[in-house]
Amino acid sequence: MASVTFEHIYKRFGDVTAVNDLNIHVEDKEFLVLVGPSGCGKSTALRLLAGLEEISEGRILIGDRVVNDVAPKDRDIAMVFQSYALYPHMSVYDNMAFGLKLRKMEKAEIQRRVNKAADILGIQALLDRKPRQLSGGQRQRVAVGRAIVREPNVFLLDEPLSNLDAKLRVQTRAEISKLHKELQTTFIYVTHDQVEAMTMATRIAVMNAGVLQQIDSPQNLYDHPNNKFVAGFIGSPAMNFFDANVVKNDGRLIIDAGTFSVEIPKERASIYESHAGKAVTFGIRPEDIHNPDFTPPNILPAKVEAKVEVTELMGNEIFVYLASGNHSFVARVDPRSRYGYSETVNVAFNMANMHVFDQATEQAIR
């Protein structure tokens, strides 16, 4: 087993810097997810670790060994790609065994490893089939199995679920999490889907434009984002943002968004005292906006009037798209709520979970 370290890693393609001074230490047996929008540098970072791209500057270590000049086959890693990349003329067994045969491994050892991986993934009955006889989910399992048989120190997974339908993604996501616990190996997983990141990761590294924005546990990223980008990327639906000013009025601090204003709780007022009179970005998550008739206990509600534009019944909750003047925002409310199109309603912002960002730097004010 092995840790992985990115030390001041840069990757440049001509004038474009795809990865900009990346510093991450992945602990042995950790499940780290690299997440961010398309083009943020997450897949490039994974390919640099795999040896599929050349590093422009910096060092990558697997364990205590610097692997900058080590060939991909000698890095003791296994990679699962977005495309299954299975040999169509080979059986599932031969696809999984192919890499081991190239290494001139003993036939009995190959059989042991393939059968063990097939058993873990539940594909024993598929070993004689060709890829064309498999569903998308089964092909993905074979691709993962081909990586497992190598028994590597580090697993690299580059958006392995993106070709699957929604239901199968959820199922396979759980299988990969279970696999990590069974194998007790370091996993580094790339995705643009923050739901995958939140549900699978030990830690999440959020990237944007080649720069690491924040690395932390899923819950800490959700509760304490460092900046507006992380706050908006983590969470579904995304956090609502409002251009506003911090205003001092009769000893109280108010977030004034123009068409509505809400009071900052007294216990948090000291944090924002120095920003009185300044422009800020006010953030509140959809799940922290409630129907006042069904507010949970122990929240700090602030009433806001808004007009209903769209409602989406999800069964266990309702997504309500609201407008207050030129501000549009989303609420996730109790399914017992009865909101009609174009109706003017009151909603309750839970100010205990409010977020405020400096408008110039977009950094969280804490």
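Residues numbered from 1 in each chain as written. Predicted model: local features only at pLDDT ≥ 70, side-chain atom pairs only at ≥ 80, totals over all residues. Heavy atoms only, no water.

## Details of the confidence of the model for the chain
Then, in step 1: On average, residues of the chain score 93 in pLDDT, and 100% of them are at 70 or above.
Then, in step 2: Of all the helices and strands in the chain, helix H5 (residues 166-183) carries the lowest mean pLDDT, 86, while strand S10 (residues 211-216) carries the highest, 98. (pLDDT = per-residue confidence, 0-100. Helix = DSSP H or I, 4+ residues; strand = E, 2+ residues; numbered from the N terminus.)

## Focus on helix H3 (residues 107-121)
Residues spaced three or four apart along an α-helix point in a common direction, a consequence of the helix completing one turn every 3.6 residues.
Then, in step 1: Compared with the 21 Å implied by 1.5 Å per residue over 15 residues, the 21 Å span of H3 between its first and last C-alpha is a close match.
Then, in step 2: Close packing links the buried residues of H3 with helix H2 (92-102), helix H4 (136-148) and H5.
Then, in step 3: In the stretch just after H3, Gly122 is the one whose phi turns positive, near 70°. (Expected span 1.5 Å × (residues − 1). Contact = heavy atoms within 4.5 Å.)

## Brief notes about the sheet that holds strand S2 (residues 16-26)
Then, in step 1: Across the sheet, 4 strands lie side by side as S2-S1-S4-S5; this open sheet has antiparallel pairing. The strands lining the two open edges of the sheet, one partner per strand, are S2 and strand S5 (65-66).
Then, in step 2: The strands touched by helix H1 (residues 42-50) within the sheet are strand S1 (4-13), S2 and strand S4 (57-62), with S1 carrying the most contacts at an inclination of about 115°. (Pairing = 2+ DSSP bridges. Axes fitted to C-alpha atoms, helices over the stretch in contact; angles between N-to-C directions.)

## A short note on empty space enclosed by the protein
Think of a ball as big as a water molecule: rolled over the atoms, this probe shows where empty space is left.
Then, in step 1: Considering all chains together, one arrives at 1 cavity of 30 Å³ or more under this definition.
Then, in step 2: Here the largest cavity defines a volume of roughly 50 Å³.
Then, in step 3: Forming the boundary of the largest cavity are Leu121, Gln140, Arg141, Val144, Thr172, Glu175, Ile176 and Leu179.
Then, in step 4: Mapped by element, the contributors of at least two residues to the lining of the largest cavity are H4 and H5.
Then, in step 5: If one sorts the elements of the lining of the largest cavity by residue count, H5 sits on top with 4 residues.
Then, in step 6: For the lining of the largest cavity, the residue count by class is 4 nonpolar, 2 polar and 2 charged. (1 Å grid on protein atoms, 1.4 Å probe; cavity = no way out; pocket = protein on both sides within 12 Å on 5 of 7 lines; lining within 4 Å. Points joined across faces, edges and corners; volume = space filled by probe spheres on them. Nonpolar A, V, L, I, M, F, W, Y, C, P; charged D, E, K, R; others polar.)

## What about the layout of surface pockets?
Then, in step 1: Size it by volume and the largest pocket reaches roughly 570 Å³.
Then, in step 2: Around the largest pocket sit 21 residues that line it, and Met79, Phe81, Gly99, Arg146 and Arg150 are the ones nearest its centre.
Then, in step 3: Within the residue set of the lining of the largest pocket, elements represented by two or more residues are strand S6 (77-80), H2 and H4.
Then, in step 4: No other element matches H2, which puts 6 residues into the lining of the largest pocket.
Then, in step 5: Counted by class, the lining of the largest pocket contains 15 nonpolar, 2 polar and 4 charged residues.
Then, in step 6: Elements that contribute at least two residues to the lining of the second largest pocket include exactly helix H7 (218-223), helix H9 (269-272) and strand S20 (355-358).
Then, in step 7: For the lining of the second largest pocket, the leading source of residues is S20, giving 3 residues.
Then, in step 8: Of the residues belonging to the lining of the second largest pocket, the class tally is 10 nonpolar, 3 polar and 5 charged.

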